[in-house]
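# Geometric and topological summary
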Amino acid sequence: MRIAEVFHSIQGEGRLTGVPSVFIRTSGCNLRCWFCDTPYTSWNPEGEERTVHSLVEETTAFHCGHVVITGGEPMLVKDVADLAARLKDAGKHITIETAGTVDLNLPADLMSISPKRANSTPNPDTGWAERHDARRHRPDVINRLTTDYDYQLKFVVDRPDDLDDVAKYLEEFPHLDPARVYLMPQAIDRNPHAEKCAWLGDAAEKRGWKLCRRLHIELFGNKRGT
Ligand code: SF4
């Protein structure tokens, strides 16, 4: 499978924020969000072909209890199921970070889903707007992942108007727990991140959701491998 990077850091987003983790980042995505913070896995995919065995060896060498399999879109990669199973056998806590548009049956302790809303659609000049919009909403996949796994939902919010869109989305899935809904500022640099966190925290609390600060941006800025 094609892997963009493997690194040890802390989880920067969601329920496990601050937990030391090894990140395995697959390369390749079926979407093209305009704000993608890992364009080297989507717009311009990079990476090396790796075996499951070599990834298990590299990951376990960190002696870290938490592993995050992210992307790109890791659920596109069939071998990720085998990778997750072997890491689970090695006693690791597995988080899968996905946009929730592709289903893959695999062992996971936390399904961390970031649904992509209309505010993610790229400029039509890129040639990707139509494909992106046709693929980004898969209620069947969301229903399966949130029924069969422990889950959290992370929405990227760029402007205050986006909050009504999140509420509309959640109406479609009445079984989803508002306490597992996180709002993440659309920002990859410290200053815009801080500005958006300032209004997003109150807005999230009023609706029973949570603010999801991006701790890795606060600590490291826009730096690859963190
Ligand atoms: S789904 Fe994630 S990896 Fe894919 S383009 Fe959007 S932000 Fe980037």
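All of these numbers come straight from a predicted model, not from anything done at the bench.

### Comments concerning unusual backbone geometry
- For the bond from Gly71 to Gly72, the omega torsion is 10 degrees, close enough to zero to count as cis.
- Note that Gly72 resides in the loop between β4 (66-70) and α2 (79-89).
- Look at His63: it is not a glycine, yet its phi comes out positive at around 50 degrees.
- Of note, His63 is situated in the loop between α1 (52-60) and β4.

### Quick notes on the pairing of strand β6 (residues 110-113)
- Because side chains alternate across β6, one face comprises the buried residues Leu110 and Ser112, and the other comprises Met111 and Ile113, equally buried.
- Inspection of the sheet shows β6 paired to strand β7 (residues 151-157) by three bridges, in the parallel sense. Counted as the bridge partner of Met111 is Tyr151 from β7.

### Overview of the pattern of salt bridges
- Evaluation of the coordinates by the stated rule reveals 19 salt bridges.
- In this structure, a network of salt bridges that share partners links the residues Glu13, Asp37, Glu97, Lys154 and Arg214.

### So, the UniProt feature "binding site: substrate" (unreviewed entry) in the chain
- In the UniProt entry, the feature "binding site: substrate" (unreviewed entry) is given for Ile10, Gln11, Gly12, Arg25 and Thr70. Residues that both appear in the annotated list above and line the largest pocket are Ile10, Gln11, Gly12, Arg25 and Thr70.
- Considering the arrangement of structural elements, one finds Gln11 in the loop between β1 (2-10) and β2 (20-26).
- By relative accessible area, which is 5% here, Gln11 ends up buried.
- Excluding residues within four positions of it along the chain, Gln11 makes contact with Leu16, Thr17, Gly18, Val19, Ser21, Phe23, Val68, Glu97 and Leu215.
- Polar contacts involving the side chain of Gln11 include one to the main-chain amide nitrogen of Glu13, which spans 3.1 Å.
- The topology assignment puts Arg25 in strand β2.

What counts, and where the lines are drawn
Residues numbered from 1 in each chain as written. Predicted model: local features only at pLDDT ≥ 70, side-chain atom pairs only at ≥ 80, totals over all residues. Heavy atoms only, no water. Helix = DSSP H or I, 4+ residues; strand = E, 2+ residues; numbered from the N terminus. Buried < 20%, exposed > 50% of the residue type's maximum accessible area, 1.4 Å probe, protein only. Pairing = 2+ DSSP bridges. Salt bridge = Lys/Arg side-chain N within 4 Å of Asp/Glu carboxyl O. UniProt positions renumbered as here; feature names shortened; annotations may be inferred. 1 Å grid on protein atoms, 1.4 Å probe; cavity = no way out; pocket = protein on both sides within 12 Å on 5 of 7 lines; lining within 4 Å. Contact = heavy atoms within 4.5 Å. Polar contact = N/O pair within 3.5 Å; in protein donor to acceptor, adjacent residues only side chain to side chain.

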